[in-house]
Number of protein chains: 2
Amino acid sequence: MIKPEQQNTHLTELTMDTLYHLGLDTAMDLKGIFGDTKYVCMSGSAERVEDFAHQCNTELGLGIADADIVPIGKTERYSLYKIGPIIAVSHGMGMPSIQILLHELTKALMYAGCEQVAYIRIGTSGGIDLAPGTVAITTQSINGKLQAEFVQDVLGHTRTWPTEFDPELAQQLYDARENLPAAMGKTLSTNDFYEEEGHLDGALAPGYTKEDVHTFTETLRDMGVINIEMESLAFAAFCLRAGIPAGMVSATLTDRFQGDQIDFSKQELMTFSRNAQQLVINFLRTKIV
Amino acid sequence: MIKPEQQNTHLTELTMDTLYHLGLDTAMDLKGIFGDTKYVCMSGSAERVEDFAHQCNTELGLGIADADIVPIGKTERYSLYKIGPIIAVSHGMGMPSIQILLHELTKALMYAGCEQVAYIRIGTSGGIDLAPGTVAITTQSINGKLQAEFVQDVLGHTRTWPTEFDPELAQQLYDARENLPAAMGKTLSTNDFYEEEGHLDGALAPGYTKEDVHTFTETLRDMGVINIEMESLAFAAFCLRAGIPAGMVSATLTDRFQGDQIDFSKQELMTFSRNAQQLVINFLRTKIV
C-alpha cells in the first residue's frame, strides 16, 4: 500500500491503533471490511458521497440492497461507504481536513492488507475560461505562490513535497469523458475560498480590485491553470509521497472570469456535480465490471 | 458588526448575495432569523453543536421546545442552530473550513443588522503539560513557524494578520471556570494534525523521532503554549481584523508530553468536551439571563 521508504515503523509499537476521526480501530476486522478495496473516491460533503455510492451501485450493477449502503465507522467528521471494491468517503473542506482522512484511511487499508488502491477526488471548483459544468481533470496542483509544491511546517522546520498527479490515471480519466464536457490542465489549490481565490464578495474589504482579480486570472490561464479548489495540493503530495496513484476530477461551478456568485439553481448545480461523478463512473466501469 | 475600514463596498453591487455554503441568501428574512443574535458559539462537528444547542436551552432556561431546535439553512457543509440570542454552528476541521464560515456567517449577521456580537470557538485540542479534560483558554495563537501571525497568499502577494484574542473576553471566560479545571495561555495552531502537530502515528514515516517531538513540545511550553489545535489562528485573525470580540476555549484530549493516541472511552471524551461547553455556558449565564 505504501512504498517502503515511507512506511512508518513507529506504528509497530502500538498495541492498538485508534483511527480517531474515522471511528475505526485495529481491534475491528479491517481486513474483512476493507480487504478487497481497489478504488477510493472522495468528495467534500457527506451528501454527495452518499449520492455517489448509490450511483456506483446502480450504474456498475453491483447489486447491493439500498438499505445496506450505510456509513462505516462514525459520521461525526467523515462519512464512509463501501460499495463492492469502491470506498466513497467525504473529506470536508480544505487541506487540513483531507489530510487527516488521508492518514487514517491509508492506515485502515494498510491494516486491511490492501495492495493496489487508487485514490480519486471528485470535487467542485471555480473554472478558468471553462463553461460551468465542465469537468476539470488535474495534471499538477500549484499553491498560492504559484509553485508546484505542498509546504509543511513540521516541528519548526519547513519541508516541501511535489504535487504531480499520476499522468496515466489522469489520461484514463480524460478518456472516460464520453459526451461530457471535460478539460485537462493544472489546478490552483488555496487555503481560503474568499480571499486566496480572489473573490470580491467576502465579508471584509478584500484589499484588491476587480481588475486585480482579472489580471491574476489571466496569469493563471497563461500558466495552464484551468480551475481553482482547496484540496488537490495536499492530496497530490500525500499520494505521490506514499506511492498511491491519485486522480483529481472536479466539476466547475463558475467561470472565474465572469464573477464570484454561485447563482445556478440547485438542479443545475446537481447536474454539474453529477457530470464529474459520471466521468469517474465511466472510468470505473472500464476497470471493475 | 464590522469596523468601518474593513467594510466590503463591493457587496453593495450585488442585487442578491448567496451565502452558498450556509444555504442562505439575502432574499430570506435574515433580520427576522438572526437580528437578535449576541453570541456565536462554534465547534468542529455538527454533533457537538447540536448537543451544545440543547445544553444552552436547558441550562440557560431559554424555554425552547426540543422539536424547535432544528438546523437553519442547509446542512451539507455546516450545521447552524439558533437558541435565543445564541447561534451554535459547526465549522468542520481546519482553517480553510472555518474561514468560509466566518465570511458567510458574518455577512448574514451584517445583513440582519446585528451590531454587538461576540464569537466563541469551543474546540478540542492536545494539551501541553495539562491533565486531559482541562479547559484551555487562548490569549494568542501562533503558527507552525511559532510566529503570532496568520499568513495568506492573495493574488500572488503574501499578507499577514495579527492573532491576538480579546483579552477582556479571555479573562471573563477564565473567570467562569467555577470548579472546572482550566488554564489560560497561548495556542499553537497548525494546518495538519499528524505531522505539523508532531504525531508519530500517521500513515507515513514522519521524518522525526520521539525525542524531536519531546524537544519541540518543551520549546512550546517554554513559550507559554498550553495546547495545539487547527483553527484558532485564522479565527483570531479574522475577528481582530473585522473588529469582532473573539474567545477561544478548548477541551484538551491528550497531553502531548505523554503521546499521540486518543484512547479514552467515548464517555470520558464526552466529559472532556462537555467541560469546555460548560465553561462557556457558565459565561453566557452571566450575560444573557
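Before reading further, recall that the structure is shown in the block above.
Each value, and the rule that gives it
- Residues numbered from 1 in each chain as written.
- Chains lettered and ligands numbered in written order.
- Predicted model: local features only at pLDDT ≥ 70, side-chain atom pairs only at ≥ 80, totals over all residues.
- Heavy atoms only, no water.
- Axes fitted to C-alpha atoms, helices over the stretch in contact; angles between N-to-C directions.
- Helix = DSSP H or I, 4+ residues; strand = E, 2+ residues; numbered from the N terminus.
- Parallel < 35°, antiparallel > 145°, perpendicular 65-115°, else oblique.
- Left-handed = near helix turned anticlockwise from the far one by under 90°.
- Contact = heavy atoms within 4.5 Å.
- Nonpolar A, V, L, I, M, F, W, Y, C, P; charged D, E, K, R; others polar.
- Least-squares fit on C-alpha atoms with pLDDT ≥ 70 in both.
- Salt bridge = Lys/Arg side-chain N within 4 Å of Asp/Glu carboxyl O.
- Buried < 20%, exposed > 50% of the residue type's maximum accessible area, 1.4 Å probe, protein only.

Trainee: Kindly report on the packing of helix H3 (residues 95-111) of chain A against helix H6 (residues 232-242) of chain A, identifying the contributing residues and their values.
Mentor: All names here are of chain A. The interhelical angle for the contact between H3 and H6, taken along N-to-C directions, is 25°, at an axis separation of 8 Å. The angle between H3 and H6 falls in the class roughly parallel. The element H3 and its partner H6 pack so that their crossing is right-handed. The segment H3 lies against H6, with Met 95, Ile 98, Gln 99, Leu 102, His 103 and Thr 106 engaging Leu 233, Ala 234, Phe 235 and Phe 238. Considered class by class, the residues forming the contact of H3 with H6 number seven nonpolar, three polar and no charged.

Trainee: Describe the relation of the copies chain A and chain B, naming the residues involved and giving the relevant values.
Mentor: Once chain A has been moved 0.0 Å along the axis and rotated by 180°, it coincides with chain B to within an RMSD of 0.0 Å. Look at the turn and shift together and you get a two-fold axis relating the two. Here 100% of the contact residues of chain A are again contact residues in chain B; the copies associate through an equivalent surface.

Trainee: Lay out the pattern of salt bridges with the relevant residues and their values.
Mentor: Here the structure, examined in full by the defined rule, presents 28 salt bridges over all chains. The partner of Lys 82 of chain A in a salt bridge is Asp 36 of chain A, with the nearest N and O atoms 2.5 Å apart. With Lys 82 of chain A in strand E4 (residues 80-83) and Asp 36 of chain A in the loop between helix H1 (30-34) and strand E3 (39-43), this residue pair connects regions lying 46 residues apart in the sequence. When its relative accessible area of 43% is taken as the criterion, Asp 36 of chain A is described as partly exposed. The closest approach of N and O atoms between Asp 153 of chain A and Lys 145 of chain B, which form a salt bridge, is 2.8 Å. Remark: Lys 145 of chain B occurs in the loop between strand E7 (135-142) and strand E8 (149-154) and Asp 153 of chain A occurs in strand E8 (residues 149-154); the pair is interchain, linking two chains. Its relative accessible area of 16% is what places Asp 153 of chain A among the buried residues.

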